[in-house]
Each structure stands twice: as structure tokens, then as C-alpha cells.
Amino acid sequence: MSSENLPVAKGFRLALLQMLVSRHKQENLAHARELVSRAAQNGAQLVSLPECFNCPYGTQYFGEYAETVPGETSTTIAALAAEHRITIIGGSIPERSGDRLFNTSLVFGPDGKLCGKFRKMHLFDIDIPGKITFKESETLSPGEELTDFTTPFCKVGIAICYDLRFPELTRLYADRGCHLLVCPGAFNMTTGPVHWELLQRARAVDNQMFVATVSPARDETASYVAWGHSTVSSPWGDVVAKAGHGEEIVYADIDLNRVEEVRRQIPVRIQRRCELYHSLAAAKPQ
Ligand SMILES: NC(=O)CCC(=O)C(=O)O
């Protein structure tokens, strides 16, 4: 059965738009419009675009493509959310605020109003000699705030790409009552094959929540080649939907009963020994 014809289970339908991003902002916005409309027609109630969906991913592009909020991209996404009466997580865009740039995800509810704004908290600065060197902090500033929002289905937390490597962030969202983490992200051809799925399944099983990652489609001609493979992992830690590396919409019918079921069966959340961890952390090593 094609993933577009899945029956809708109890819960809601999530769509991850693994979109091919070009160098032309107008083309990207038009393409985002097409994909969102297709996902909405196929019954998606929560839709997410990938990291940097209006510009290629690369520090050389962020300044040129950056926009204020509200701006052209946010207005486009807000109108789409209202037109289809769905919630849209606008992947991320380079955001200009005063003299600083951020990697920012904007969320719009079915009324077209902004209901969340998350600025990437952990900037992607890595150096793997002969493979990949990337320094987001050359152009971007880090965000300082958590962003969760409430839908008629569940509370949803947002992280962006490299943020997934920091278990503390997802734990904070789980402790605030989120049952789903959505993480627009563009891993690469070096880290993607081993770390992309492993990290999201780890965050899902650690916190017994759904985790969804949304990548741009792979473009071998781009200066930064994205891994693709947008994925949904369940609170049990298994993969319930996964894309290849080309352009694709991934659909998942999220059954929220699964969160409570897994938490009841393996009650680690109430078995944590936080006081002990704090006193052990504070104690001097012998
Ligand atoms: N856009 C990013 O933050 C990329 C993160 C990444 O590839 C990783 O390995 O981490």
C-alpha cells in the first residue's frame, strides 16, 4: 500500500516533507506550497518542512537569504496553514533579528497564527579532518529558549538538527509534557549513515515519546549534501516510517495511546533517582 493511502488510526496524521531545496527562494516557497497542499489533501493534520527549506544549507547563504519575522517566508507559511486548517512546522529559515542571525523554526496553527518560534540552541560546529568541517557559529547566534506548542492531539516540542545530539534538551520537553518531538535537520554524508537514526531512536526510547526528523532531499550538486531519510520513531524506539534520500512525503499515523502504554509497561520515568544523581554529580571523585 502506498504510504499516501494509509488508514488513519486513533491520533493524528503527521506528514514530513522531504523537499528538494534549490538556490531560488521563490522556487522553494512555491514548492513548499505544493507539498503542503498535497499532504493536507492526504489527511495530514500536522506537517513539517525540513531545516533550511527556503535556502541551501551553508554558512555562505544564511546572510543573503535571512528574513525578519514576519517576512516573506513566514507570511507564506501562515497563509498555507490557514488555507488548509492545519498546523505547519516551518522547518527552519535563516532569521535576521537586529544585527544577529538565527536558524529558526516557526510554527503556525490552523488559524494561521504563529504558535511557536524556536531558535536552534546548539550550533553545528564540528571538524572531522578530511570529511567535514562546518561552523554555524561563524554566522549564526544560538537560541536560548525551549519552544513547545499545544495541538488538539498532544503537546509538541521543537529542536533543530544538531540539537538532537543533546539529550538534556529532549528530556526538558518530555518533562514539560510533550509526547512528540519534531526535529527538522540536515545531517550529512559522514555523520548521517551512523548517527541520524541512532540519535532519534535514542531520544525516543529515553523519553518514551515520538520523535520525527525532517531532512531536505539529497542534492549531490549542493555544497552541503544532506543525508535525507526523514524518519518517525515511536516511544518504543522502533522506526514507524522512513524516507529514502530523494524528494518524498513521509506519512505516519501517530497513535498517542502508545505513549501511555510504553510508559506504563516500563515506568522508568517514575523510577529516576534525580536526587541521587545530583548528589553524586556534586560529590568529589575519590
Ligand atoms: N544541520 C546540522 O545541525 C547538521 C548536524 C549534523 O550533521 C550532525 O552530525 O550532528
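Residues numbered from 1 in each chain as written. Predicted model: local features only at pLDDT ≥ 70, side-chain atom pairs only at ≥ 80, totals over all residues. Heavy atoms only, no water.

A. Broad picture of the site of the ligand. The environment of the ligand is formed by E51, Y57, K120, F124, C161, Y162, R165, A186, F187, N188, T191 and Y224. At 2.7 Å, a side-chain N or O of R165 approaches an oxygen atom of the ligand. Relative to its unbound accessible surface of 300 Å², the ligand loses 100% to contact with the protein. Classifying every residue of the shell around the ligand by side-chain character gives seven nonpolar, two polar and three charged. (Near = heavy atom within 4 Å. Polar contact = N/O pair within 3.5 Å; in protein donor to acceptor, adjacent residues only side chain to side chain. Areas by Shrake-Rupley, 256 points an atom, 1.4 Å probe, with all protein chains shown as cover. Nonpolar A, V, L, I, M, F, W, Y, C, P; charged D, E, K, R; others polar.)

B. Main features of the packing of aromatic side chains. All chains considered together, the criterion is met by 10 aromatic pairs. Plain terms: the ring middles of F134 and Y224 are 5.5 Å apart, the flat faces sit at 75 degrees to each other, and that makes the pair edge-to-face. With F134 in strand β8 (residues 132-135) and Y224 in the loop between β12 (210-214) and β13 (231-233), this residue pair connects regions lying 90 residues apart in the sequence. Judged by relative accessible area, Y224 falls into the buried class, the value being 11%. Clustering of aromatic rings is evident, with ring pairs tying together Y57, F62, F124, F134, Y162, F166 and Y224. (Phe/Tyr/Trp six-rings, centres within 6.5 Å; stacked < 30°, edge-to-face > 60°. Helix = DSSP H or I, 4+ residues; strand = E, 2+ residues; numbered from the N terminus. Buried < 20%, exposed > 50% of the residue type's maximum accessible area, 1.4 Å probe, protein only.)

C. Representation of the nonpolar core in the model. Counting residues in hydrophobic clusters, the biggest one holds 41 residues, and the most contacted among them are F12, L14, L46, L180, V182, V232 and I254. Mapped by element, the contributors of at least two residues to this core are β1 (12-18), β10 (155-158), α4 (167-175), β11 (178-184), α5 (192-207), β12 and β15 (248-254). At five residues, β11 tops the list of elements feeding residues into this core. Core analysis: the next-biggest nonpolar cluster, separate from the first, contains 25 residues, A39, A44, V47 and I88 among them. (Core = buried A, V, L, I, M, F, W, Y, C linked by side-chain atoms within 4.5 Å.)

D. The arrangement of unusual backbone geometry in detail. Across the junction of V69 and P70, the peptide omega takes the value 0 degrees, indicating a cis bond. Within the element layout of this structure, P70 appears in the loop between α2 (59-65) and α3 (72-84). For C161, which is not glycine, the phi torsion reads 45 degrees and is therefore positive. If you trace the backbone, C161 turns up in the loop between β10 and α4. When its relative accessible area of 6% is taken as the criterion, C161 is described as buried. You will see that Q208, though not glycine, has its phi angle at about 50 degrees, which is positive. Within the secondary structure, Q208 sits in the loop between α5 and β12. Looking at Q208, the relative accessible area reads 3%, which means it is buried.

E. Here's a closer look at the packing of α4 against α5. Relative orientation of the contacting elements α4 and α5 amounts to 40 degrees, with a least axis distance of 10 Å. By the criterion of interaxial angle, the relationship of α4 to α5 is oblique. At the point where α4 passes α5, the crossing takes the right-handed sense. On α5, the residues touching P167, T170, R171 and A174 of α4 are R203, D206 and N207. Class assignment of the residues belonging to the contact of α4 with α5 gives a composition of two nonpolar, two polar and three charged. (Axes fitted to C-alpha atoms, helices over the stretch in contact; angles between N-to-C directions. Parallel < 35°, antiparallel > 145°, perpendicular 65-115°, else oblique. Left-handed = near helix turned anticlockwise from the far one by under 90°. Contact = heavy atoms within 4.5 Å.)

F. Quick look at the pairing of strand β5 (residues 100-108). Of all nine residues in β5, eight are buried; the element is thus mostly enclosed. Two elements, strand β3 (residues 87-89) and β5, share two bridges in a ladder whose sense is antiparallel. Within β5, the residue paired with I89 across the bridge is V107. Hairpin remark: strand β4 (residues 93-97) followed by β5, antiparallel, with two residues in the connecting loop; positive phi at G98, about 60 degrees. Pairing analysis gives five bridges linking β5 to strand β6 (residues 114-119), with the strands arranged antiparallel. Bridge assignment links S105 to a residue of β6, and that residue is F118. (Pairing = 2+ DSSP bridges.)

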